[in-house]
Amino acid sequence: MGPWGVGIGWTWLWWLLLLVGVAAMVAGLALAARSPSGEATGRGATAREILDVRFARGEIGEEEYRQRLREPDEH
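Just so you know, these numbers come straight off a predicted model, no measurement behind them. (Residues numbered from 1 in each chain as written. Predicted model: local features only at pLDDT ≥ 70, side-chain atom pairs only at ≥ 80, totals over all residues. Heavy atoms only, no water.)

1. Side note on the pattern of salt bridges
No. 1: As enumerated under the stated definition, the model contains five salt bridges in all.
No. 2: The shortest N-O distance in the salt bridge between D52 and R48 comes to 3.2 Å. One end of the pair is D52 and the other is R48, both in helix α2 (residues 47-57) and four residues apart, which spans about a single turn.
No. 3: D52 gets classed as partly exposed once you look at its relative accessible area, which sits at 29%.
No. 4: Classification of R48 by relative accessible area gives partly exposed; the value is 48%.
No. 5: Note that R57 is salt-bridged to E59, the shortest N-O span being 3.5 Å. (Salt bridge = Lys/Arg side-chain N within 4 Å of Asp/Glu carboxyl O. Helix = DSSP H or I, 4+ residues; strand = E, 2+ residues; numbered from the N terminus. Buried < 20%, exposed > 50% of the residue type's maximum accessible area, 1.4 Å probe, protein only.)

Okay, structure coming up:
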């Protein structure tokens, strides 16, 4: 028996719990790094590509889409 009165018989359980916990943390971080739509964020998408996607999904209307297309040229 070990110093706390527990034999080596249950050691495998602690390693298994540790492994499951680490896997859950990695999965949680991977899910947190994704946008609600399921697309990865911050992967080098240009502002124009993001704007196109938002327009295609109907998140912004045609007037706002065209206005935002012109904005970079106005500065």
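2. Some words on the environment of Y65
No. 1: As for its placement among the helices and strands, Y65 is situated in helix α3 (residues 62-74).
No. 2: On a C-alpha basis, the gap between Y65 and R54 in space is 8.7 Å, while along the polypeptide they are eleven residues apart.

3. Overview of the packing of aromatic side chains
No. 1: Tallying each qualifying case throughout the model produces one aromatic pair.
No. 2: Here the aromatic rings of F55 and Y65 are separated by 4.4 Å at their centres, their planes lie at 20 degrees, and the arrangement is stacked. Of this pair, F55 sits in helix α2 while Y65 sits in helix α3; the two residues are ten residues apart in sequence, bridging distant segments of the chain.
No. 3: Judged by its relative accessible area of 10%, Y65 falls in the buried class. (Phe/Tyr/Trp six-rings, centres within 6.5 Å; stacked < 30°, edge-to-face > 60°.)

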